[in-house]
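Analysis of the macromolecular model
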Amino acid sequence: MRIIVLGFGNVAQPFVKILCEREKELSGNFGLKPRVVAVVDRGGAIVSSSGLNFTRILEAKKLGKSVAADTKLGRPRTTGMEIIEEVEADVVVEATPTNIVDGEPGLSFIKAALKKKRNVIATNKGPLAIALPSLMELARYNGVCLRFSGTVGGGTPLLDLGKKCLLGDKIQSIKGILNGTTNYILARMTEARVQMDDALKEAQAAGYAEADPTYDVKGIDSACKLVILANWLMDRRITIKDVNISGITEVTLNEIVKAEEEKAAIKLIASINGGEASVSPRLLPKNHPLCVGGTLNAVTFTTEFAGEITLVGHGAGGVQTAGAVLRDLIDIKRELSL
Ligand SMILES: NC(=O)c1ccc[n+]([C@@H]2O[C@H](COP(=O)([O-])OP(=O)(O)OC[C@H]3O[C@@H](n4cnc5c(N)ncnc54)[C@H](OP(=O)(O)O)[C@@H]3O)[C@@H](O)[C@H]2O)c1
């Protein structure tokens, strides 16, 4: 299986490491013989139709160099679009940074790859939040798979649980905590009685929050993930424009303390049922299954037959998300018998 990797950061690097370390297991257990034929970062690309050896490439990235710096196989300034057009492959892994304004560059990469009849695995939720219904249609039209397990819940199989383990059942509503950064901030405000700014600084120091945490605290990241869950698991053809969003920026320490006195907690909850899709801070009893601490994610699916099922796990992390990409790869292999 020939693979193009677009973006080579915290997710894509552990992904190629896993492929190298698990070569025998993947072949023996799943008949999967992955061959990464091209990798692209901001500086350009590295290409080899016989498959890349990653020892040198990973060393170069550690030193802050582009993959294109390789003297033999590097192609400085070559773009992802050029690689999608020129390099023969079965699967394109899209792992460039999230951009929720116009989805780029990921949106163009995913569209071009699907049009070229390449299967796509995305970890980048920006393009999906903006255009998932049309991207799913484009994949169907071209007879290829579009998978994105790592976009919601990191390595926690939220999308897989709903799609695979509940076959024949119907998910009627989804409600949960989909953003670890905001959960950490609210939890720290509760435990340590610190103001939101200080809790945010702690989250940044611990590596849980970006330097620019706007997407997280304004509820946009949670809304993107809700859109993906709703499309994939409930056949709701919505985009981020259809979600009512309010983040945690207005939550005060006083409100948190008051909630605590009532044996409750304020959590940023994303939810969708028959009608509205929304993200907003809500009061939950302390013993509620969604009342998880730290950076955890937790989601309750209400289904027609099984009733309520709650899944709790780590919502992000490079290795965790790389594991989700591997699951998608095995899934595509099974689906298409490549
Ligand atoms: N990290 C997580 O825990 C996690 C979890 C779930 C989902 N995700 C999503 O997965 C995606 C990748 O995350 P990450 O943590 O790996 O990000 P990252 O560490 O910032 O890596 C992003 C990579 O994309 C490359 N890139 C940027 N613009 C590009 C362009 N125009 N063409 C080609 N490559 C480009 C960067 O190149 P340089 O190396 O040259 O800078 C870098 O290699 C993001 O959308 C993120 O939201 C991440």
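An account of the accompanying structure is given in this report. These numbers were taken from a predicted model, which means no experiment stands behind them. (Residues numbered from 1 in each chain as written. Predicted model: local features only at pLDDT ≥ 70, side-chain atom pairs only at ≥ 80, totals over all residues.)

Considering the pairing of strand β6 (residues 119-122)
Residue alternation in β6 divides its side chains into two sets, Asn119 and Ile121 and Val120 and Ala122, and both sets are buried. Alignment of strand β5 (residues 91-94) against β6, held across 4 bridges, turns out to be parallel. Residue Val93 lies in a different strand from β6, and its bridge partner there is Ile121. Handedness of the crossover joining β5 and β6 through helix α5 (residues 106-115): right-handed. For β6 and strand β7 (residues 146-147), the ladder comprises 2 bridges, and the chain directions are parallel. Within β7, the residue paired with Ile121 across the bridge is Arg147. (Buried ≥ 20, exposed ≤ 12 C-beta atoms within 10 Å, placed from the backbone. Helix = DSSP H or I, 4+ residues; strand = E, 2+ residues; numbered from the N terminus. Pairing = 2+ DSSP bridges. Right-handed = clockwise from strand over helix to strand, strands pointing away.)

Describing the sheet that holds strand β1 (residues 2-6)
As summarised here, the arrangement of the 7 strands in space is β4-β3-β2-β1-β5-β6-β7, forming an open sheet in which the pairing is mixed. Each end of this open sheet is capped by a strand with a single partner; those strands are β4 (74-76) and β7. Note: strand β2 (residues 35-41) against strand β3 (residues 44-47), 4 bridges, orientation antiparallel. Following the sheet pairing, Val39 is matched in β3 by Ile46. In this fold helix α13 (residues 318-336) packs onto β5, β6 and β7, with an angle of close to 160° to the strand it touches most, β6. (Contact = placed C-beta atoms within 7 Å. Axes fitted to C-alpha atoms, helices over the stretch in contact; angles between N-to-C directions.)

A short note on the site of the ligand
With respect to spatial proximity, 27 residues lie near the ligand, and among them Gly7, Gly9, Asn10, Arg42 and Asn124 are the closest. Those elements that provide at least two residues to the shell around the ligand are β2 and α13. Split into classes, the residues belonging to the shell around the ligand amount to 9 nonpolar, 16 polar and 2 charged. (Near = placed C-beta within 6 Å. Nonpolar A, V, L, I, M, F, W, Y, C, P; charged D, E, K, R; others polar.)

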